[in-house]
Structures are given as C-alpha cells and as structure tokens.
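Commentary on secondary and tertiary structure
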Amino acid sequence: MKNNQSTLRLIFPQWQGGGTIADFVPELPAEDAYKGYYLGSQLLAFLAPQTTQKTVEIPVTLDIEDRELKNGIISYQAILRQTDTALEILRENNPDRIVTLGGECSVSVVPFTYLASKYPDDVAIVWIDAHPDINMPNEGHKGYHAMALAASMGKGDKNIMEKLPAKVDSSNVLIVGLRAWEAEGGTKERQKEFGIKSFSPNEVSDNSNQVLDWLKSRGISKVLVHFDLDVIDPNDMIAAVGVEPNGMKINEVVRVINDISNIYDIVGLTIAEPMPRTAIKIRNMLNSLPLLKD
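Because the structure is predicted, anything quoted here is derived from the model rather than measured.

1. Some thoughts on the pairing of strand 7 (residues 173–176)
Along a regular strand, successive side chains alternate from one face of the sheet to the other. Judged by which residues are buried, strand 7 turns out to be covered on both faces: Val173 and Ile175 on one side and Leu174 and Val176 on the other are all buried. Two strands pair when backbone bridges link them, and strand 6 (residues 123–128) and strand 7 are joined in this way by four bridges, in the parallel orientation. Note on strand 7: the bridge partner recorded for Ile125 is Val173. Here three bridges tie strand 7 to strand 8 (residues 197–199), and the two strands are oriented parallel to one another.

Put into structure tokens, the structure is as follows:
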C-alpha cells in the first residue's frame, strides 16, 4: 500500500449480524457465542501492529435483548443504528483508506460502499471467504453477515441500501477461497445469477496469477479486500466460526493479499469473523476466581 494518503483504522466490533451464530458454536454459552465477535474485534485491535494511523472505534450495543427479527434480519434496528454511526464517523474523518477490524462480515459493508463512492468506477472487491455471503433477507440464514457481499453490491434490504453511499457492480466482485454455499440463498445458482466470479482454494494454492489476471481484466486501479478468517483451512488454524475443510493456508491468504498490493492500491482491508473460543473460556474462568473482581 502507498502511504501518502490518510488511512483510518476502524475498530468495528459489530456482532449482531451473526444472527443465530450460537447454533454453530455449541461449546460456548449462547450469549458468549453471540457476542464473541465483539471480543474478537478487540483482540484483533490488540494484536495488530501499532502504527500512527488514526484509530476510531464504532460504538456497538451489547444489549443481548436487542435481537428482534425484522424485515428478515436479526437485530435489524441495531444494525441500522450502527450503520448510521459508522457512516457518520467515516464522513467526519474522510479517510482515503480504511483498515477495518471486525466483527462479523457485515463490518465491510459501510467502509466498502464509502470507498466505492470515493473512487467511483475504479474499485473491485476481492472477497476472501469460505462462503459467498450473497443471501437476501427472508431467506436461509437470517444473519446480516450472510448478506454482506450482496449488500456491498447494493442488493438487500431497502432501508439499509438507501443509507449506503454507493455500490460495487457484481462484475467487479471476485470471491477467493469459496467452498461452502448456503442451502438456500447463498447458492451456486445465486452466484451465477449475480455473475460473480470465484476461485477455489486449490486454484490459488500455488500462486496468485488467476486473481491478478482477473483484476487486470477489470481495468481498475483500487481494490477492496475482505478477509474472513473462516477461509483458512481448520488444519492450519481455527480462528472463526466456520470450520469448512480444505481451505486456504495462512501463508496463501497473506501471499494473495500482498501480491494484489504489489500491483494495485488496496484502499480497503477488512479482517472479519474472529471467534476467540479459547479467549472467551479463559475470560469466563478468570471471572469465576476469587480476588479478581471488586
């Protein structure tokens, strides 16, 4: 990445978009699983290299009761409020680049559409993820994170779409590491309907050539990279909710992103979906011990 423009580090611990995620993390108490993304975002911020970049955290409610299903999306009102807050913060800071540390996958929607409005017709999305995230409201998984890529393309709930400053055309969207489609909504048929190109983990295991060739064909200069930790093969690391087999190795993901950065201007980078199971268990253990609380 070039360094002659402003970069904002956005801590966005939104967890509500995970929807019914507790069903997929049965080893944790339900409330801990629901809000695990919140702690995950804080840990990413703690572990990330310290820089002089301005850092802003999006305030996110931790009210576990604020999970009402509306318009086919769980925690709809909380997501609307937090979308407004994130947009207000970005407009106030007016960054040229944004590094987002989430939070579930929907944390990419606001920064990506903000950057798409800043660089109209000159951005492509490389969505590195085991899943396509192209569900629509009222189908399949009711969590907004399963709709995140569709929302970035301007497809989804009318009220949310009206708030977003821009969209990226599906012809400028690539999914890397895709290997698990939803039974409903986020299907191969939906991907074909939207016209979204994808590469499997095997297709990028040796080199990044196909990704770079695709980017060259798009005629753009700027790239938005979404990195869902569940793209990583569980034999290499389990850091997200998803544990889909036959994924990308850590070094392969890092190589793809750096190869893109060597040629293109990465103006948006999101790391999303951390579910720190062990850290949550340690926290709960410490909370149960004497002399550690007031």
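2. Quick notes on the nonpolar core
Counting residues in each nonpolar core, the largest one holds 59 residues, and the members touching the most others are Ile125, Trp127, Tyr144, Leu149, Ile160 and Leu224. The dominant element in this core, judged by the number of residues it contributes, is helix 3 (residues 76–93), at seven residues. With near-sequence residues (within four places) excluded, Tyr144 lies in contact with Gln14, Gly17, Ile73, Ile79, Ser106, Val109, Ala151 and Ile160. Residues Ile11, Leu215, Ile232 and Ile257 belong to the second largest nonpolar core, which totals 34 residues.

3. Looking at a nonpolar patch on the surface
On the surface, Ile282, Met285, Leu286, Leu289 and Leu292 cluster together into a nonpolar patch covering about 450 Å² of accessible area. Along the chain, Leu286 turns up in helix 10 (residues 277–287). Residue Leu286 is classed as partly exposed on the basis of its relative accessible area, which comes to 38%.

4. Concerning the sheet that holds strand 2 (residues 54–57)
Pairing is parallel across the open sheet formed by eight strands, whose spatial order is 2-1-5-10-9-6-7-8. On the outer flanks of this sheet lie strand 2 and strand 8, each paired with one strand and no other. Sheet twist, expressed as the average angle between the axes of neighbouring strands with direction ignored, equals 20 degrees. Lying on the sheet, helix 4 (residues 109–118) is in contact with strand 5 (97–102), strand 6, strand 9 (222–228) and strand 10 (265–272); it crosses strand 5 at an angle near 170 degrees.

5. Quick notes on the packing of helix 2 (residues 36–47) against helix 10
The interhelical angle for the contact between helix 2 and helix 10, taken along N-to-C directions, is 100 degrees, at an axis separation of 10 Å. One finds that helix 2 runs roughly perpendicular with respect to helix 10. Facing helix 2, whose interface residues are Gly36, Leu39 and Leu43, helix 10 presents Ala279, Ile280 and Arg283. Its residues placed into classes, the contact of helix 2 with helix 10 shows four nonpolar, one polar and one charged.

6. Let's talk about the side chain of Thr100
Tracing the sequence through the fold places Thr100 in strand 5. Each residue touching Thr100, except ones within four places of it in the same chain, is listed here: Leu10, Phe12, Val107, Pro111, Leu269, Thr270 and Ile271.

7. Things to note about unusual backbone geometry
Following Gly102, the chain continues to Gly103 via a peptide bond in cis, the omega torsion being 25 degrees. In this structure, Gly103 sits in the loop between strand 5 and helix 4. A positive phi angle, near 50 degrees, is found at Asn94, a position not held by glycine. Inspection of the secondary structure assignment puts Asn94 in the loop between helix 3 and strand 5. For Asn94, a relative accessible area of 43% puts it in the partly exposed group.

8. A few points about the pattern of salt bridges
What the rule picks out here adds up to ten salt bridges. The partner of Lys35 in a salt bridge is Glu31, with the nearest N and O atoms 2.7 Å apart. The class for Lys35 is buried, based on a relative accessible area of 19%. For Glu31, a relative accessible area of 39% translates into the label partly exposed. For Asp265, the salt bridge identified is with Arg97, shortest N-O distance 3.0 Å. One end of the pair, Asp265, is in strand 10; the other, Arg97, is in strand 5, and 168 residues separate them in sequence. Note on accessibility: Asp265 and Arg97 belong to one class, buried. Salt bridges sharing partners connect three or more residues here, namely Glu139, Arg190 and Glu193.

The rules behind the values
Residues numbered from 1 in each chain as written. Predicted model: local features only at pLDDT ≥ 70, side-chain atom pairs only at ≥ 80, totals over all residues. Heavy atoms only, no water. Buried < 20%, exposed > 50% of the residue type's maximum accessible area, 1.4 Å probe, protein only. Helix = DSSP H or I, 4+ residues; strand = E, 2+ residues; numbered from the N terminus. Pairing = 2+ DSSP bridges. Core = buried A, V, L, I, M, F, W, Y, C linked by side-chain atoms within 4.5 Å. Contact = heavy atoms within 4.5 Å. Patch = residues over 30% accessible without salt bridge, like charges linked within 9 Å, V, L, I, M, F, W, Y side chains within 5 Å. Areas by Shrake-Rupley, 256 points an atom, 1.4 Å probe, with all protein chains shown as cover. Salt bridge = Lys/Arg side-chain N within 4 Å of Asp/Glu carboxyl O. Axes fitted to C-alpha atoms, helices over the stretch in contact; angles between N-to-C directions. Parallel < 35°, antiparallel > 145°, perpendicular 65-115°, else oblique. Nonpolar A, V, L, I, M, F, W, Y, C, P; charged D, E, K, R; others polar.

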